[in-house]
Amino acid sequence: MDAEKIELLKQSFAEIYAHKGDLEGRFYQHLFAADPETRELFCHGNFVRKEMMRAILANTVQLLNRPSAFRRLSRRLAAQHRQAGVSARQYRAGPEAMILAFRDILGPRFTPEVEAAWREAMEELVSCFAAAD
Ligand code: HEM
């Protein structure tokens, strides 16, 4: 990913982070709306600890220009989800739910350029599922 896109992601992440109370709730709302069965997969009081999801997103923007470290992150996340019983099909719904959550938070500041950069980053993040064993 080029430096300009990474800069866009860093700026929008700072803004998303400032609304951190909203992010996970909105992500799960969109995920469960797209596929209600995924709700049953959550056993830890319903939601992943919020700090963990934000840590993954922070790492995502930091590591985009370091392909091997990024791939390790993607593999680890995929392995954790596989272990939690998430299927490849269910996992692939992640980027869309995340994009919708970002759009809720950023409103008109979620420009087509910012959205395209996040889509690319999120697709990359979930791309290691099949390879993670
Ligand atoms: C694409 C973006 C996603 C991110 C950044 C993300 C982030 C995380 C993180 C950080 C954890 C905790 C991992 C650990 O055990 O250490 C987790 C767990 C989990 N995630 Fe995700 N996730 C994503 C997508 C999804 C999707 C699409 C599903 C679909 C069902 C899902 C279902 C789960 C489940 C079931 C757990 C285990 C929860 C529990 O133990 O109760 N995640 N996720």
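All values derive from a computational prediction rather than experimental measurement.

### A word on the coordination of the iron atom of the ligand
Here is step 1: Among protein residues, the single donor to the iron atom of the ligand is His 81 (NE2), with a metal-donor distance of 1.9 Å.
Here is step 2: Within the secondary structure layout, His 81 lies in helix H4 (residues 67-83).

### Observations concerning helix H7 (residues 112-126)
Here is step 1: Between its first and last C-alpha, H7 extends 21 Å over 15 residues, near the 21 Å set by a 1.5 Å rise per residue.
Here is step 2: Within the sequence span of H7, burial applies to Val 114, Glu 115, Ala 117, Trp 118, Ala 121, Met 122, Leu 125 and Val 126. In a view along the axis of H7, the buried residues occupy a sector of 165°, so they form one face of it.
Here is step 3: At its buried positions, H7 is contacted by helix H1 (3-18), helix H3 (50-63), H4, helix H5 (88-91) and helix H6 (94-106).

### A short note on the packing of aromatic side chains
How two aromatic rings sit relative to each other is set out by the distance from centre to centre and by the angle between their planes.
Here is step 1: Summed over all chains, the structure comprises eight aromatic pairs.
Here is step 2: When the ring of Phe 27 is compared with that of Tyr 28, the centres are 5.2 Å apart and the planes differ by 75°; the resulting orientation is edge-to-face. Just as Phe 27 is buried, Tyr 28 falls in that class too.
Here is step 3: Seen in terms of ring centroids, Phe 32 and Phe 42 are 5.7 Å apart; in terms of plane orientation they differ by 70°. Their pairing is edge-to-face. Placement of Phe 32 in helix H2 (residues 20-34) and of Phe 42 in the loop between H2 and H3 is noted, with a sequence separation of 10 residues between them.
Here is step 4: A relative accessible area of 9% places Phe 32 in the buried class.
Here is step 5: Classification of Phe 42 by relative accessible area gives partly exposed; the value is 24%.
Here is step 6: Geometry around Tyr 17 places Arg 54 over its ring, the cationic atom sitting 5.6 Å from the centre.

What counts and how
Residues numbered from 1 in each chain as written. Predicted model: local features only at pLDDT ≥ 70, side-chain atom pairs only at ≥ 80, totals over all residues. Heavy atoms only, no water. Donors = N, O, S within 2.8 Å, 3.2 Å for Na, K, Ca; no water. Helix = DSSP H or I, 4+ residues; strand = E, 2+ residues; numbered from the N terminus. Expected span 1.5 Å × (residues − 1). Buried < 20%, exposed > 50% of the residue type's maximum accessible area, 1.4 Å probe, protein only. Arc of directions from axis to C-beta. Contact = heavy atoms within 4.5 Å. Phe/Tyr/Trp six-rings, centres within 6.5 Å; stacked < 30°, edge-to-face > 60°. Lys NZ or Arg CZ within 6 Å of the ring centre and 35° of its normal.

Geometric values such as these leave the question of function open.
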